[in-house]
Amino acid sequence: MNRLIKLKHLYNLKLLGEEYFEGFDIKDINIEMPKDLEELKKVVLNCHLCNLAKTRTNVVFGEGNPNAKLMFIGEAPGRDEDLQGKPFVGRSGEVLTKMIENVLYLKREDVYITNIIKCRPPQNRDPELSEVESCKGYLIKQIEIIKPKIIVTLGRIAFRYLLNDTTPITKARGKIYDYKGIKVIPTFHPSYLLRNPSKKREAMIDLKFIREFL
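Residues numbered from 1 in each chain as written. Predicted model: local features only at pLDDT ≥ 70, side-chain atom pairs only at ≥ 80, totals over all residues. Heavy atoms only, no water.

**Re helix α2 (residues 37-45)**
Turning to step 1, where the next piece is worked out: Looking at α2, one finds that the buried residues are Leu37, Leu40 and Val44. For α2, the angular spread of buried residues about the axis comes to 60°, placing them on one side.
Turning to step 2, where the next piece is worked out: As for α2, its buried residues are in contact with β5 (112-115) and α6 (129-146).
Turning to step 3, where the next piece is worked out: Its side-chain oxygen 3.0 Å from the backbone nitrogen of Glu38, Asp36 forms the N-cap of α2. (Buried < 20%, exposed > 50% of the residue type's maximum accessible area, 1.4 Å probe, protein only. Helix = DSSP H or I, 4+ residues; strand = E, 2+ residues; numbered from the N terminus. Arc of directions from axis to C-beta. Contact = heavy atoms within 4.5 Å. Polar contact = N/O pair within 3.5 Å; in protein donor to acceptor, adjacent residues only side chain to side chain.)

Have a look at this one:
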């Protein structure tokens with residue numbers, strides 16, 4: 001791990017509230033990520049903070065309106081996302097797009113879409129804690145730059161790692177939480193809805209609730 005990677009990792013830990021790492025006091029580390037979304041993207045595209053850099057095809061940074069009032073956060077890229085370098089494509093992406101357009105009455109390009117981690121875990125397994133810790137600083141910076149009015153977390157993993165809350169998604173969904181003054185409303189992940197069509201009604205209720213705040 002070279003010096004730049006160490007500094008990036010220390011910065012991520014600092015954003016996560018850590019004070020010490022391997023003997024270093026990181027409270028006063030003077031390293032900042034770019035304050036511009038495109039410049040931040042360049043940093044993320046060259047990230048090698050975890051082993052997912054060795055297996056990825058593409059980094060999936062996120063896309064959408066950089067001034068969006070509404071931000072969607074999923075868990076991680078899947079196979080289609082890894083191949084295309086874009087979030088929520090394929091069948092899950094089709095479901096999310098319909099949710100945005102048919103229920104929220106917005107265009108996909110009006111919102112911002114990203115994930116907790118930016119690289120696909122092998123075989124689409126759940127992200128490991130070390131991977132989230134390496135990547136979460138990027139997400140925090142995305143939120144700081146975009147300043148959304150509402151964040152919608154998609155699925156249990158996005159909810160858990162954004163808010164450090166292990167409440168099951170079936171109980172957390174459709175309620176308002178807070179992230180640094182931003183409303184967070186969890187709902188089901190589109191892939192979960194594909195596997196469990198009976199849950200679409202509950203997701204519809206969540207989306208109509210979200211629409212009230214737009």
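**Some thoughts on the packing of aromatic side chains**
Turning to step 1, where the next piece is worked out: Under the definition given, this model contains 3 aromatic pairs.
Turning to step 2, where the next piece is worked out: Ring plane angle 25° and centroid distance 5.0 Å describe the contact between Phe188 and Tyr192, whose orientation is recorded as stacked.
Turning to step 3, where the next piece is worked out: Residues Phe209 and Phe213 carry aromatic rings whose centres are separated by 5.2 Å and whose planes lie at 85° to one another, so their mutual orientation is edge-to-face. (Phe/Tyr/Trp six-rings, centres within 6.5 Å; stacked < 30°, edge-to-face > 60°.)

**Some words on the sheet that holds β5**
Turning to step 1, where the next piece is worked out: Taken in spatial order, the 6 strands make up an open sheet running β3-β5-β4-β6-β8-β7, and their pairing is mixed. Edge positions in the sheet fall to β3 (63-64) and β7 (177-179), since each has one partner strand and no second.
Turning to step 2, where the next piece is worked out: Bridge analysis of strand β6 (residues 150-154) against strand β8 (residues 182-187) gives 5 bridges, and the strand direction is parallel. Looking across to β8, one finds that Val152 is bridged to Ile185.
Turning to step 3, where the next piece is worked out: On the sheet, α6 packs against β4 (70-74), β5, β6, β7 and β8 and is oriented at approximately 170° with respect to β4.
Turning to step 4, where the next piece is worked out: Seen against the sheet, helix α10 (residues 200-211) touches β4, β6 and β8 and runs at an angle of roughly 165° to β8. (Pairing = 2+ DSSP bridges. Axes fitted to C-alpha atoms, helices over the stretch in contact; angles between N-to-C directions.)

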